[in-house]
Amino acid sequence: MSRWEDMVSLKNGMTEMEGLEDFHEAAWVFKRNGLYYLTYADNLESNNRMRYATSENPLGPWTYRGIFLEPTSCSSTHGSVAAFKDQWYLFYHNQTISGEGHLRSVCIDYLDFNEDGTIKTVIQTKEGVSSIGPAPEINPHLKAYPVGDCLVFRGAEIQTLESGQQVVSHLQQRVPTFFSIM
């Protein structure tokens, strides 16, 4: 059997995640200085926090370390961690722009560590992180479509900015309708 024939079974079965405190969802694992970190959302009602644990093995057992991101004003908190050019970053979301928990805004803030490897509490900012260089050039293979060719509905509007550029504003999330046929 090729490795792709069975995409539903695990070779060694499930592994219980031991050592976590108040685990809810949104697990993310990364490795730093030979140590694995598992970050996740907790169960704080309507205002999750991000917690973390560490292990010498990516499958655990885990040693619970604490909370490193306090509530973000959103009913849920999910995040991921990445390093770029010797700096660590936390990617997460809030609802600052929309005011609605299901319309999330992506946030990026610095993630710093203490000398013993524990994660410092992330300071949430409105401005995010500093640029590390110039913005990339626009991909010349992308096709731009004139706004005039757009059809707008459900409250969306085409607006002309002072620069003369036209943009679509007042977009609303489309809520799916679920039904059953008897």
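One can find the structure itself at the top, above this paragraph.
Owing to the predicted nature of the structure, the values given are computational and were not obtained by experimental measurement.

Trainee: Describe the nonpolar core, with residues and values.
Mentor: Grouped burial of nonpolar side chains is what soluble globular proteins tend to show. Core analysis: the biggest nonpolar cluster contains 15 residues, and Phe30, Phe68, Leu90, Leu111, Phe113 and Ile119 have the highest contact counts within it. Among the elements that take part in this core, strand 6 (residues 87-94) stands out by supplying three residues, more than any other. Those residues in contact with Leu90 that sit more than four places away from it in its chain are Met50, Phe68, Leu69, Ser80, Val81, Cys107, Ile108, Asp109, Leu111 and Val122. Core analysis: the second largest hydrophobic core is formed by five residues, Tyr36, Leu38, Tyr40 and Ala53 among them.

Trainee: Tell me about the sheet that holds strand 6, and please be specific about residues and values.
Mentor: Overall, antiparallel pairing links the three strands, which are arranged 5-6-7 in an open sheet. Only two strands of the sheet have a single neighbouring strand rather than two, namely strand 5 (79-84) and strand 7 (105-111). With direction set aside, neighbouring strand axes in the sheet form an average angle of 30°. Of the strand pairs in this sheet, strand 5 and strand 6 are connected by six bridges, and their pairing is antiparallel. Bridging from a neighbouring strand, Val81 pairs with Leu90 of strand 6.

Trainee: Would you mind going over the state of the cysteines in detail, with residue names and values included?
Mentor: Going through the model one piece at a time under the given rule, you end up with zero disulfides. You can see Cys74 has no disulfide; the closest cysteine sulfur is in Cys107, sitting 9.1 Å from it. By relative accessible area, which is 9% here, Cys107 ends up buried.

Trainee: An account of the side chain of Asp109 is needed here, citing residue identities and associated values.
Mentor: Assignment of secondary structure puts Asp109 in strand 7. Summary of buried charges: Asp109 has no salt-bridge partner, and the nearest side chain of opposite charge, Lys126, is 12 Å away. Within polar-contact distance, the side chain of Asp109 engages the side chain of Tyr92 at 2.5 Å. Reaching out from Asp109, the side chain makes a polar contact with the side chain of Thr125 at a distance of 2.5 Å.

Conventions used here
Residues numbered from 1 in each chain as written. Predicted model: local features only at pLDDT ≥ 70, side-chain atom pairs only at ≥ 80, totals over all residues. Heavy atoms only, no water. Core = buried A, V, L, I, M, F, W, Y, C linked by side-chain atoms within 4.5 Å. Buried < 20%, exposed > 50% of the residue type's maximum accessible area, 1.4 Å probe, protein only. Helix = DSSP H or I, 4+ residues; strand = E, 2+ residues; numbered from the N terminus. Contact = heavy atoms within 4.5 Å. Pairing = 2+ DSSP bridges. Axes fitted to C-alpha atoms, helices over the stretch in contact; angles between N-to-C directions. Disulfide = S-S within 2.5 Å. Lys, Arg positive; Asp, Glu negative; His and termini not counted. Salt bridge = Lys/Arg side-chain N within 4 Å of Asp/Glu carboxyl O. Polar contact = N/O pair within 3.5 Å; in protein donor to acceptor, adjacent residues only side chain to side chain.

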